[in-house]
Structure formats: C-alpha cells, structure tokens
Amino acid sequence: MSAASNAPIVKGWCPGALRPMMSGDGLVVRIRAPFGYLSQEQAIGVADLSDRYGSGQMDLSARANLQLRGVSEGNHPDLLSGLRELNLLDPSLEVEARRNIVMTPYWEIGDETFRIATRLNDALQAETAPQTPGKFGYAVDCSMAPVLGDCSADIRIERCEDGRLICRPDGHAFGAWVTENSAAQTALELAQWFLDTGGAPENRGRMRAHLAKGAVLPEKFSEVPAPLGAARPCPGMSEKGVFFGLEFGALTSNTLRGLASLGPLRLTPWRMILVNSCTKPAEIPGTYLDPETPLQRAFACTGAPHCPQALGPTRLVARSLVSMLEPGQNLHVSGCAKGCALPGKADLTLCATGPDRFDLIRNGRASDTAAMENISASALPKYLS
Ligand code: SF4
C-alpha cells in the first residue's frame, strides 16, 4: 500500500447522536449528556438502548461523552426516540454540534461551575449563538484548583489562585477577568471573535491553531495569567467518591448497569466514571480501581476491525505490552497515523502499518517519524524492553 493510501482521512467533525459517524462496526452515536451527568435511570436506559439498537459496546470519549457503537442505520431513528425519552437528545443538529461543554466532575448542584455551565448551555441553544465547528468546545471548572487543564477545549472558564474567575482561549497563557454573570457571555464573544477572524475556514479549526498562526486577541484577554491547576484524579477512592477506571475508555452495557446500581454517574474526560455517592470501593466487572495500574498509562484507539481506517489491531496489542512499561512510562498503540486515542506525545507510540506490523515512534505522536519501521507484533516486546 502506498504512503498516500495509508494517510488517514481527517473528517474534521465529531459524531453526535443526530449526526452519527459510520465506522467499521456500524454507526457511532455520541451522547452529549448535559453536565456530563447520567441519573441512574438514564444510565440504565442508555445501557438498554445500547443492547437493543447497538452492539452493547460503548466508549467514553476524551470530552466526557458516551459513544454507542454498532448501531445500524435502520435502528438509528428508534435509538433517537429512546434518547429523547431519556432527555439526552438535543433539539437540533446545530445545537448538538455547538453544545460542547466539559465540566469538572466535582461540580455540585447550585455551585458556581454548575451555574455558569447552565448559562453557557442555555446560551448555546440560541439560534444566534456562534456556529463554531463541531470539534470546538468549552471547559468550565471553577474549583480552587482546576483539573481540566489537559482536557481538549478551545475556551476555558477557570479560577485563579486569588479566587477570581478568568475566561481564557486555549493555547494562550493569559485570559480576561470575568464574573459569574459575565463568564458565559465573554466565552461566546471569544467564540465569535474566533469565527470573525478566520479561525474556522470551511467550518474547521481550533483556537490553539488559530493563535499559533498569529491571530491577535482583543486586549482584555491578556489581563491575567492562567492558573496553574491541579493534577487529574486517579482511579479509586477520592474525597468526592469513587473513580472507576475503564480499560482504554471502553465499556459494555453490563458495566454501565453495574455502575448505575451504585448511584448517579459523572462522565469524565479521563477514561473514568465518578460515582460520587459511593463511599467505598465496589467490584464492577469491566472497571479497575488501582491508581497505580499501568493501564492508566496505556492508550489504544478502537483499531481493526472496528475502525475502517485502521491498518491493524490495537487494544489486544496494548494489553499484551502494558505489563512491560517502566514506572511512569506511557504507551500509545494507534491503528493509523491519526492517533485518535492520544493526540499528544507518548514515550512509546506504535502505529499500525499492516495487520501484524507497527512503526515505533519514541517520544512522539502517531504521525511523527518512526525510530523503527514495520516491526512484527511478535517482536515488539524485544524492542520495547
Ligand atoms: S487512530 Fe484509530 S480510531 Fe482513529 S482513525 Fe486511525 S485507526 Fe481509526
């Protein structure tokens, strides 16, 4: 196969529920649960819909959305009806595309994160809201130590060390002071500035890339330095409940039911689901609680045979290698150079070049130049050790 025919196809949009994406195992239907929250009834309802209309397999995305896999085109309308009954469907394709909000999983009903996210959520439903590209999104985290710093977002509303709030474009070390009343409006103004200054030609583009090309922000977005933030949480017990880790972010309908039996769920962008009413660890098949497990440092996309762009399998390979990782070392196994599972760098990246062949990239991304090419799967342990 030529290098050109190996090049991944960049679609430039993310699937939704109303606009699903075809994959190798059927439609991928992404549910954008408001506030990243699923009541017990909603979670069990989604699990049932996944069994009835899909394959029972799901993924938790890096934007804290739940993706149902294996849905046939014939079943899609009935699945949408089921999601509508569960209050998990947006009123239109346009609203679904722009209502991309990730919240800290630590929000409480009525707190500042909740109130600002509610305003932003409502504002993004208006027809006049900036029609940003499907990948464009917002992160809202008003905790004293924000935890969403490594989560993909274009506009961030966060709290500074002195307690005040800031609205900051992603990729910029400064932001504008805001209050609870002005935060959502300032975020929308910034989104409109992004569009007006050519950030999304052909309805594609991200804030960080736009700034890197030299776009000059309005002056007020240089008022205050970004907060330092805190590290992301780990699987297991925490002050806020139990974080259940999901291997490579995948889960089955039975795992979702098991988690829902413990309480309402908070979807996180870190391949974990928080059950914050849970006060002690519980064994739920398909999840892990060990904060030290190397699985936390292993990333693998869907790969073959489920993704049509995959040149080889991924998760089986990653699982077979995970125990070889050095402390702190991370591993990314990608089915193609697109690198969906980890857009950033990994210590070790294996990028499939065929059903049984991988390029090895050290300290890089799946699209970077390989240190070694076309290693057979059986020889991988030798090169990784
Ligand atoms: S990185 Fe993986 S999931 Fe993404 S397009 Fe390539 S094979 Fe598919």
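All of these numbers come straight from a predicted model, not from anything done at the bench.

**Q** With reference to specific residues and values, describe the overall build of the chain.
**A** Broken down by element type, the chain carries ten helices and 22 strands. Computed over C-alpha atoms, the radius of gyration of the chain comes to 21 Å, within 12% of the 21 Å expected from 2.2 N^0.38 for 385 residues, which places it in the range of a compact globule. Taken along its principal axes, the extent of the C-alpha atoms in the chain is 60 × 50 × 40 Å. A buried classification covers 54% of the 385 residues belonging to the chain. Across the chain, every contact between residues at least 6 apart in sequence was considered, and the portion connecting residues at least 24 apart equals 61%. Mean positive and mean negative side-chain charge positions of the chain (37 and 40 charges, respectively) differ by 3 Å.

**Q** Give a detailed account of the sheet that holds strand β20 (residues 346-354), specifying residues and quantitative values.
**A** Overall, mixed pairing links the five strands, which are arranged β18-β19-β20-β21-β22 in an open sheet. The sheet is open, and its two borders are formed by β18 (298-300) and β22 (372-376), each paired with just one other strand. Here the strands of the sheet are splayed against their neighbours by 25° on average, with no regard to which way each runs. Taken together, the three bridges between strand β21 (residues 357-364) and β22 define a ladder with antiparallel strand orientation. The residue bridging Leu 360 from the neighbouring strand is Met 372, located in β22.

**Q** An account of the layout of surface pockets is requested, with residue identities and associated values reported.
**A** If you add up the space inside the second largest pocket, you get close to 400 Å³. Mapped by element, the contributors of at least two residues to the lining of the second largest pocket are β4 (57-60), β14 (250-252) and α9 (315-321). Here the residues of the lining of the second largest pocket are counted per class, giving eight nonpolar, eight polar and six charged. Residue-level mapping places the lining of the second largest pocket at the junction of two domains, with at least three residues from each of domain 1 (3-91 + 242-288) and domain 3 (294-384).

**Q** So, helix α6 (residues 183-196): which residues are in play, and what are the values?
**A** Over its 14 residues, α6 runs 20 Å from end to end, which matches the ideal 20 Å to within 8%, given 1.5 Å per residue. The set of residues buried in α6 consists of Ala 183, Ala 184, Thr 186, Ala 187, Leu 188, Leu 190, Ala 191, Trp 193 and Phe 194. For α6, the elements touching its buried residues are α5 (112-123), β7 (138-141), β8 (155-159), β9 (165-169), β10 (174-178) and α7 (207-212). Remark: Gly 198 follows α6 within two positions and exhibits a positive phi of approximately 85°.

**Q** If you had to explain empty space enclosed by the protein to someone new, which residues and values would you point to?
**A** Under the counting rule described, the total for this entry stands at two cavities of 30 Å³ or more. Of the pockets and cavities examined, the largest cavity occupies roughly 160 Å³. In terms of lining, the largest cavity is formed by 19 residues, of which the most central are Ala 33, Arg 63, Asn 65, Ile 101 and Val 102. For the lining of the largest cavity, the two domains that each supply at least three residues are domain 1 (3-91 + 242-288) and domain 2 (106-225). Of the volumes computed, that of the second largest cavity is approximately 50 Å³. What lines the second largest cavity is Pro 34, Phe 35, Arg 99, Ile 101, Met 103, Ala 117 and Asn 121. Looking at the lining of the second largest cavity, the elements with two or more residues in it are β6 (101-103) and α5. In terms of residue class, the lining of the second largest cavity is built from five nonpolar, one polar and one charged.

Criteria and cut-off values
Starting afresh in each chain, residues are numbered from 1 along the sequence in its written order. In keeping with the model being predicted, local features are shown solely for residues with a pLDDT of at least 70 and side-chain atom pairs are shown and tallied solely at 80 or more, while totals for entire chains, interfaces and linings include all residues. Working from all heavy atoms in the structure, the side-chain values ignore hydrogens and water. Put simply, DSSP marks the helices as runs of H or I at least four residues long and the strands as runs of E at least two long, and each gets a number from the N terminus on. In this description the radius of gyration comes from C-alpha coordinates, and the expected globular size is given by 2.2 Å times residues to the power 0.38. Here's how the labels work: a residue is buried when its accessible area is under 20% of the maximum for its type, exposed when over 50%, partly exposed in between, all with a 1.4 Å probe on protein chains only. Note on contacts: a residue pair is in contact if any heavy atoms of the two residues lie within 4.5 Å. His is not counted, nor are the chain ends, whereas Lys and Arg count as positive and Asp and Glu as negative. Positions of charges follow a simple convention, taking NZ of Lys, CZ of Arg, CG of Asp or CD of Glu. Any two strands with at least two DSSP-identified bridges between them are counted as paired. For helices, the fitted line uses only the C-alpha atoms of the stretch in contact; every axis is such a line through C-alpha atoms, and the angle between N-to-C directions lies from 0 to 180 degrees. Lining residues are defined by having an atom within 4 Å of a point belonging to a cavity or pocket. Those points lie on a 1 Å grid over the protein atoms alone, cavities being sets where a 1.4 Å probe fits but cannot get out and pockets being open sets with protein on both sides within 12 Å along at least five of seven lines. Grid points are joined across faces, edges and corners, and a volume is the space filled by probe spheres set on the points. In this count, Pro and Cys sit with the nonpolar residues alongside Ala, Val, Leu, Ile, Met, Phe, Trp and Tyr, while Asp, Glu, Lys and Arg are called charged and the others, Gly among them, polar. Boundary definitions for the domains trace back to an automatic or database domain assignment. For a helix, the expected span equals 1.5 Å multiplied by the residue count minus one.

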